[in-house]
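Okay, here's what each chain looks like letter by letter:
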There are 2 protein chains.
Amino acid sequence: MSQKPTRIVVVGGVAAGMSAAARARRLDERAQIIVFEKDRYVSFANCGLPYHISGDIRDREDLLVVTPDDLSRRLNLEVYTEHEVIRIDRVAKTVKVRDQRNDSVLKEHYDKLILATGATPLRPSMPGVDHPYIFTLRNIPDMDAIKAVVDAGVFSAIVVGGGYIGVEMAEALRRRGLRVDLVEQSDQIMASLDPEMSRDLAYHMESYGVHVTLGKGVREFRGEDGRVEVRLDEDDVRFADMAILAVGVRPEVKLAREAGLEIGRCGGIRVDVHMRTSDPSIYAAGDAVEVRDAITGEWTLMPLAGPANRQGRIAADHIFGRESRYRRSQGSSILKVFDMTGGGTGVSEKSLRRAGIHYRKVYVHPNGHAAYYPGTHPMHLKLLFTADSGHLLGAQAVGFDGVDKRIDVLATAIHAGMTVYDLEELELSYAPPYGSAKDPVNIAGFVAANLLRGDVTPWYAEEWPALAEQGGVLIDLRTAKEFAAWSIPGAINIPIGELRGRIDELDEYRDNGLYLYCLSGFRSYLGVRQLTQNGFKRVYNLSGGVKTFMAYHH
Amino acid sequence: MSQKPTRIVVVGGVAAGMSAAARARRLDERAQIIVFEKDRYVSFANCGLPYHISGDIRDREDLLVVTPDDLSRRLNLEVYTEHEVIRIDRVAKTVKVRDQRNDSVLKEHYDKLILATGATPLRPSMPGVDHPYIFTLRNIPDMDAIKAVVDAGVFSAIVVGGGYIGVEMAEALRRRGLRVDLVEQSDQIMASLDPEMSRDLAYHMESYGVHVTLGKGVREFRGEDGRVEVRLDEDDVRFADMAILAVGVRPEVKLAREAGLEIGRCGGIRVDVHMRTSDPSIYAAGDAVEVRDAITGEWTLMPLAGPANRQGRIAADHIFGRESRYRRSQGSSILKVFDMTGGGTGVSEKSLRRAGIHYRKVYVHPNGHAAYYPGTHPMHLKLLFTADSGHLLGAQAVGFDGVDKRIDVLATAIHAGMTVYDLEELELSYAPPYGSAKDPVNIAGFVAANLLRGDVTPWYAEEWPALAEQGGVLIDLRTAKEFAAWSIPGAINIPIGELRGRIDELDEYRDNGLYLYCLSGFRSYLGVRQLTQNGFKRVYNLSGGVKTFMAYHH
Ligand SMILES: Cc1cc2nc3c(=O)[nH]c(=O)nc-3n(C[C@H](O)[C@H](O)[C@H](O)COP(=O)(O)OP(=O)(O)OC[C@H]3O[C@@H](n4cnc5c(N)ncnc54)[C@H](O)[C@@H]3O)c2cc1C
Ligand SMILES: Cc1cc2nc3c(=O)[nH]c(=O)nc-3n(C[C@H](O)[C@H](O)[C@H](O)COP(=O)(O)OP(=O)(O)OC[C@H]3O[C@@H](n4cnc5c(N)ncnc54)[C@H](O)[C@@H]3O)c2cc1C
Ligand SMILES: CC(C)(COP(=O)(O)OP(=O)(O)OC[C@H]1O[C@@H](n2cnc3c(N)ncnc32)[C@H](O)[C@@H]1OP(=O)(O)O)[C@@H](O)C(=O)NCCC(=O)NCCS
Ligand SMILES: CC(C)(COP(=O)(O)OP(=O)(O)OC[C@H]1O[C@@H](n2cnc3c(N)ncnc32)[C@H](O)[C@@H]1OP(=O)(O)O)[C@@H](O)C(=O)NCCC(=O)NCCS
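Definitions and cut-offs
Residues numbered from 1 in each chain as written. Chains lettered and ligands numbered in written order. Predicted model: local features only at pLDDT ≥ 70, side-chain atom pairs only at ≥ 80, totals over all residues. Heavy atoms only, no water. Helix = DSSP H or I, 4+ residues; strand = E, 2+ residues; numbered from the N terminus. Contact = heavy atoms within 4.5 Å. Core = buried A, V, L, I, M, F, W, Y, C linked by side-chain atoms within 4.5 Å. Buried < 20%, exposed > 50% of the residue type's maximum accessible area, 1.4 Å probe, protein only. Near = heavy atom within 4 Å. Polar contact = N/O pair within 3.5 Å; in protein donor to acceptor, adjacent residues only side chain to side chain. Areas by Shrake-Rupley, 256 points an atom, 1.4 Å probe, with all protein chains shown as cover. Nonpolar A, V, L, I, M, F, W, Y, C, P; charged D, E, K, R; others polar. Pairing = 2+ DSSP bridges. Axes fitted to C-alpha atoms, helices over the stretch in contact; angles between N-to-C directions. Least-squares fit on C-alpha atoms with pLDDT ≥ 70 in both. Phe/Tyr/Trp six-rings, centres within 6.5 Å; stacked < 30°, edge-to-face > 60°. Lys NZ or Arg CZ within 6 Å of the ring centre and 35° of its normal. Parallel < 35°, antiparallel > 145°, perpendicular 65-115°, else oblique. Buried area = accessible area lost by both parts, 1.4 Å probe. Salt bridge = Lys/Arg side-chain N within 4 Å of Asp/Glu carboxyl O. Expected span 1.5 Å × (residues − 1).

### A word on unusual backbone geometry
Piece 1. Note the cis peptide between tryptophan 464 of chain A and proline 465 of chain A, where omega equals 10°.
Piece 2. On the secondary structure map, proline 465 of chain A appears in the loop between strand E26 (458–459) and helix H13 (466–469).
Piece 3. At lysine 93 of chain B, a residue that is not glycine, the phi angle is positive and equals roughly 55°.
Piece 4. When you line up the elements, lysine 93 of chain B lands in the loop between strand E4 (83–89) and strand E5 (94–99).
Piece 5. Of note in the backbone geometry, methionine 275 of chain B takes a positive phi value of approximately 70° without being a glycine.

See below:
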């Protein structure tokens, strides 16, 4: 008990830093815990910033989750705001800190140092980017600045970047009545999802009047008559009263780099499973570190609040001799886009391809809850799994009701190392307002397991039109009325209820591939089963049906 | 291929039966599949019946999920409604069927028989129970009868039974404007939950004007002046225009019993993991069978739609040589009660006690989503787990937003055999409208793991007042204002922020037990950590705080 108390210095006082400090205090009442934060605010809700601008969160104070005073009284933390740590001396085990209020510099000793310096919004070096009406959003002052301009009554905004901050800001500004242009360099918004899954979200934004432009990058900004001029590829020029730059974040590792700590391939601080850097007295947590992807094993950046909070807790644990570990990240994320929700967990198809991992996939469109109970909508659910054992690799869902629930159930399933066969068996809670007797997750499991068992062989929207050009015969199993409204060019219509009586008509195509489809994949699955058992060898079911097809070939 | 087609006879054409028939057809195009249903309707949404009476589901047709015509055209099933199977001849492998429309009897051969006869509402034999205005609710005709009476404009109803059908009917009738009395013999509604968890649901019903009476059973019914008179214990007499009897269901096993099939201890048909009865040519599925509890291993009844649907599918699978198995049931269930949601998964504390299983528990009250984002409420979440390894045994949650999600995440975790340590690590999706950076499930994991690691020792609401009588000292760590409004009798108030400075005051109680509490258990947890590390040995934290305390000592 008379041993000298541990002296912990934390750099950065928000999600990772303050979680580490709070946990450290609970583990050791005698420790001296000092938090330096260069900004004026600590423990604020970064994730809530767009919602104060939109007006959803009316009271700015609500964003200040805990005050320095609370932290001092409850947790006996020494919190210094407007104090920037400017240098680490690893040999002397000291940090040099600049008090920004009076520009004085002080030195502080540490036994253990925790770097929770977060990340910084990217501001590509490009002409005109310093225009005073081009904003990034990371903290309270950023939010205040944007809100002041919006409150003052501007009419239009350009949001550059279709990640979650860009999308949230586009929604916020639109809901404040601005004309909003969202421009994104790649061919999709929400890069954590696969493109076909993000499509509906972009449409939905358009239906709320956000003008979404994909596939065009910003070349240059100009200031023109007090307005912002944004010059895109292909000489596309846009004007607005303000612009939001939301093109991603970069781990804030200046301090760590200067101190000679190992920086990883993705530019984040390298840490072990206990969040310890290459210097055993220094830990790092949150957006500043890089982590391993749970599926691919590759180093990656996961700048998310959940991991930041838990990593901070783990760093504190390890300082006090506990064996807590941070497992690999599976990147569960979710986004509200007006009335819709989109999210994912595990790895995307894009990433699987990039990593060269062999996988299978299915799409389904089950309702969020029982169809006969009001207020539900079909969701678009995509499941990725290993081709041999059916182990889950990733899942994505987009829709209205119950999307977040299925993402989290699937996140838990992935964490547990479950297979698609496990999903068939999951016993989820059911009453009409919440789900279906066969939950969407069960349905996805059935469909995936049917594929692996060889009961049905899928075809995919992206194989069209090639498969038709190669002689494949398209068979549409929807009603004549549905068929009349729209069908895949060249398809033959045989409503599912008539198929048994009309199998003979297909005899001439026995050696072609028969590519069946319907609206969601259910009726054509029945069709595939009928034809297969009638001796047809090459019969395929369009996974996800016309709904998924449309998400590809919009 | 020229082998004789399998002839499958299914008895009962709703959840289990029709799922089995549909799956059988997908597995074998040549099979002859005959479904006998004694009622006029097949494939209807039992679970939706209360919501048509309430008016939520406006169109009665919406309850008929699939029509016999669909089933015939799409799946080539022979569906006979108003056909009651009255006898099984296991030697001849035939069933005797009464066509109820003309009272003729026919005989049908089977290779495989599937019994999906469901369950029947209990109608205790008690005086007056046959009064024409005393209803049970199981199927469409029942619903039609109730709805006709309500539409005709009655003023009041008594619902007997506080299970989910009783609660749903009480809500439905209340929302139709009736004066509604709910009476329940035991001391709680929703027997699948523990009593303290169901309390808020009962209060909530009361706040909507449903008069809830617990702890009184019905002794007798009488018909008086066209009204129903219900005589309860303690000579409590109630009058109403109608009564709903919702006191549970009994597996419908008459056919099975007469055929000499093994009937289990709970009165359900005994089946193996493939849903096969004691006769290998006869399968059974759904409410008619008994299953093993996933945790206790005991035989039990789980009359729920999810299991029924999946069991039907498994029976069909096994008939066609597939090895699908039905694992033990974990009884995930959920209920909407006006604006609230309550649900559970795994085993309840009551059942653990009954089964003599050693367990630990925690209560937490996290918000459904980030507190700073509008529209959230604290939920009451209870976790049960093994005392040694921390394996999850059960979970219950009651609240407003996000309850169903946490139940399903925990159902998945239990299915996977996870521990509370796994819950600490779960990487769930987070954005302010959906959750918190530390999700309620993570929080429950932290608190449970802290208990098992010995960082904090809980005390429980049910130990009061005994612990105070035995000299335990109660310490309230809330603010003086909270304390002034209400406190546990005899408690000393030391707001958490002042504790460090006032530890000396507690010195005189060093040898008593110190029983700390606050509103939810968070501040008192901080207090416990401070005191423990200041050498206090007997310091305890009230699990779930005043909120859980209130749920016990209402
Ligand atoms: C608008 C917005 C919306 C978001 N929405 C979501 C969401 O919905 N879901 C989600 O999971 N995540 C979301 N995030 C991301 C989430 O906020 C971050 O992942 C999380 O805050 C990272 O925590 P951190 O502690 O690592 O970094 P930060 O929260 O950035 O904290 C780092 C702190 O360190 C300080 N600092 C840096 N260098 C120094 C120094 N040298 N000296 C002193 N102080 C220093 C910085 O000033 C900063 O305050 C959002 C972020 C933003 C900006
Ligand atoms: C009002 C209500 C609300 C419910 N809400 C929920 C809920 O929210 N969540 C949930 O999980 N579960 C709920 N359930 C329970 C769910 O409906 C049942 O678990 C499920 O229907 C059981 O399916 P089954 O096929 O075994 O039985 P049933 O659906 O009852 O079907 C059995 C059928 O067999 C027929 N039959 C019986 N004997 C014979 C015979 N000899 N010959 C021919 N036919 C016969 C019967 O007429 C009946 O139609 C609810 C039930 C009701 C009544
Ligand atoms: C709030 C903040 C200071 C962290 O505080 P914290 O005390 O670690 O975290 P929480 O308030 O979530 O509480 C979690 C702790 O309380 C305990 N707890 C919670 N409810 C409890 C209850 N009912 N009974 C007992 N203990 C409880 C948990 O066990 C955990 O303690 P542990 O880590 O020692 O196991 C830090 O997360 C922060 O600054 N957040 C704001 C910034 C942010 O996160 N931004 C990104 C998201 S917008
Ligand atoms: C509807 C009913 C006839 C069962 O029909 P079913 O065809 O087995 O079940 P569903 O309609 O849910 O569809 C599930 C099947 O479609 C497949 N499927 C679903 N969506 C699909 C898609 N997009 N692509 C391919 N296949 C799909 C599933 O794989 C599954 O087939 P499988 O069992 O061969 O693997 C039966 O459940 C019933 O009568 N229900 C009403 C009664 C009831 O359940 N009451 C209680 C709840 S209120």
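### A short note on the side chain of arginine 23 of chain A
Piece 1. Mapping arginine 23 of chain A onto the fold places it in helix H1 (residues 15–27).
Piece 2. If near-sequence neighbours (up to four positions away) are discounted, arginine 23 of chain A is found in contact with Arg313, Ala316, Asp317 and Arg322 of chain A together with Asn450, Arg453, Asp455 and Tyr525 of chain B.

### What to know about the nonpolar core
Piece 1. Residues Leu173, Met205, Met242, Leu383 and Trp459 of chain A are the most contacted members of the largest nonpolar core, which totals 91 residues.
Piece 2. Setting aside anything within four residues of it in sequence, one finds tryptophan 459 of chain A in contact with Trp464, Leu467, Leu474, Ile488, Tyr515, Leu516, Tyr517, Tyr540, Asn541, Leu542 and Ser543 of chain A.

### A word on the site of ligand 4
Piece 1. Within the structure, ligand 4 sits among 28 residues, and Tyr525 of chain A together with Arg23, Arg26, Ser43 and Arg313 of chain B are positioned closest to it.
Piece 2. Residues lining ligand 4 come from chains A and B.
Piece 3. The side chain of lysine 438 of chain A places a nitrogen or oxygen atom 2.8 Å from an oxygen atom of ligand 4.
Piece 4. Between an oxygen atom of ligand 4 and a side-chain N or O atom of serine 43 of chain B, the distance comes to 2.7 Å.
Piece 5. Its free accessible area being 960 Å², ligand 4 has 89% of it covered by the protein chains.
Piece 6. Contributing elements (two or more residues each) for the shell around ligand 4: helix H12 (440–452) and helix H16 (522–533) of chain A together with helix H1 (15–27) and helix H8 (305–319) of chain B.
Piece 7. The element that contributes the greatest number of residues to the shell around ligand 4 is H1 of chain B, accounting for 6 residues.

### Here we look at the site of ligand 3
Piece 1. The environment of ligand 3 is made up of 28 residues, and the closest members are Arg23, Arg26, Ser43 and Arg313 of chain A together with Tyr525 of chain B.
Piece 2. The environment of ligand 3 is shared, with nearby residues belonging to chains A and B.
Piece 3. Taking arginine 313 of chain A, its side chain carries an N or O atom lying 2.7 Å from an oxygen atom of ligand 3.
Piece 4. For ligand 3, whose free accessible area comes to 960 Å², the fraction covered by protein is 88%.
Piece 5. Among the secondary structure elements, those contributing two or more residues to the shell around ligand 3 are H1 and helix H8 (305–319) of chain A together with helix H12 (440–452) and helix H16 (522–533) of chain B.
Piece 6. Here the residues of the shell around ligand 3 are counted per class, giving 17 nonpolar, 7 polar and 4 charged.

### Let's talk about the sheet that holds strand E1 (residues 7–11) of chain A
All names here are of chain A.
Piece 1. If you trace the 5 strands from one edge of the open sheet to the other, you get E3-E2-E1-E7-E18, paired in parallel fashion. Each of the sheet's edge strands pairs with one partner strand only, and the pair in question is strand E3 (78–80) and strand E18 (282–284). When strand polarity is set aside, the average angle formed by the axes of neighbouring strands in this sheet is 15°.
Piece 2. Here E1 pairs with strand E2 (residues 32–36) via 5 bridges, running parallel. In the sheet register, arginine 7 faces E2, and the bridge partner there is glutamine 32.
Piece 3. The strands touched by H8 within the sheet are E1, strand E7 (112–115) and E18, with E18 carrying the most contacts at an inclination of about 160°.

### Describing the relation of the copies chain B and chain A
Piece 1. The operation relating chain B to chain A is a screw motion whose rotation component is 180°, with 0.0 Å of axial translation and a residual RMSD of 0.0 Å. When the rotation and shift are considered jointly, the pair of chain copies conforms to a two-fold rotation axis.
Piece 2. Looking at the interface residues of chain B, 100% of them are also at the interface in chain A, so both copies use one shared face.

### Quick look at the packing of aromatic side chains
Piece 1. Enumeration over the complete set of coordinates arrives at 18 aromatic pairs over all chains.
Piece 2. Ring centres of tyrosine 133 of chain B and phenylalanine 135 of chain B lie 6.1 Å apart, and the angle between their planes is 65°; on these two criteria the pair is classed as edge-to-face.
Piece 3. On the basis of relative accessibility, which here comes to 10%, the residue phenylalanine 135 of chain B falls in the buried class.
Piece 4. Of the aromatic side chains, those joined through ring pairs into one cluster are Trp459, Tyr515 and Tyr540 of chain A.
Piece 5. Here the guanidinium or amino end of lysine 361 of chain B rests over the ring plane of tyrosine 460 of chain B, the centre of that ring lying 4.8 Å away.
Piece 6. Above the ring of phenylalanine 536 of chain B, the side-chain terminus of arginine 510 of chain B is found at 4.1 Å from the ring centroid.

### Digging into the packing of H16 of chain A against H1 of chain B
Piece 1. Following both chains from N to C, one finds H16 of chain A and H1 of chain B inclined at 45°, their axes separated by 8 Å at the closest point. Comparing the axis directions of H16 of chain A and H1 of chain B gives the class oblique. Together, Phe522, Tyr525, Leu526, Arg529 and Gln533 of chain A of H16 of chain A and Arg23, Arg25, Arg26 and Leu27 of chain B of H1 of chain B make up the contact between the two elements.
Piece 2. Residue composition of the contact of H16 of chain A with H1 of chain B, grouped by class: 4 nonpolar, 1 polar and 4 charged.

### So, the pairing of strand E24 (residues 380–385) of chain A
Residue and element names in this part refer to chain A.
Piece 1. Buried residues dominate E24, accounting for 6 of its 6 residues.
Piece 2. Judged by which residues are buried, E24 turns out to be covered on both faces: His380, Lys382 and Leu384 on one side and Leu381, Leu383 and Phe385 on the other are all buried.
Piece 3. Note that E24 and strand E25 (residues 392–399) share 6 bridges and pair antiparallel. Of the residues in E25, the one forming a bridge with leucine 384 is glycine 394.
Piece 4. Hairpin connection, E24 to E25: the antiparallel pair is bridged by 6 residues, and glycine 390 has positive phi, about 80°.

### What to know about the interface of chain B and chain A
You'll often see interface size given as the accessible area lost when the parts meet.
Piece 1. Each partner contributes residues to the interface: chain B has 85 residues there, and chain A has 85 residues.
Piece 2. For the chain B face of the interface with chain A, the top three residues by lost area are Arg74, Tyr372 and Glu427 of chain B, together amounting to 11%.
Piece 3. Taken together, chain B and chain A are joined by 14 salt bridges.
Piece 4. With its nearest N and O atoms 2.8 Å apart, the salt bridge here joins lysine 405 of chain B to aspartate 404 of chain A.
Piece 5. Where chain B packs against chain A, one counts 36 residue pairs in polar contact (both at pLDDT 80 or more).
Piece 6. The dominant element in the side of chain B that touches chain A, judged by the number of residues it contributes, is helix H10 (residues 403–415) of chain B, at 9 residues.
Piece 7. Partitioning the side of chain B that touches chain A into residue classes produces 36 nonpolar, 20 polar and 29 charged.

### As for helix H4 (residues 140–151) of chain A
The periodicity of an α-helix, 3.6 residues per turn, causes residues three or four positions apart to be oriented the same way.
Residue and element names in this part refer to chain A.
Piece 1. A rise of 1.5 Å per residue sets the reference length of H4, with its 12 residues, at 16 Å; its end C-alpha atoms lie 16 Å apart and thus fit the reference within 8%.
Piece 2. If you check which residues of H4 are buried, you get Ile140, Asp142, Met143, Ile146, Lys147, Val149 and Val150.
Piece 3. Residue asparagine 139 occupies the N-cap position of H4, its side-chain oxygen lying 3.1 Å from the main-chain nitrogen of aspartate 142.
Piece 4. One or two residues past the end of H4 sits glycine 153, with phi positive at roughly 100°.

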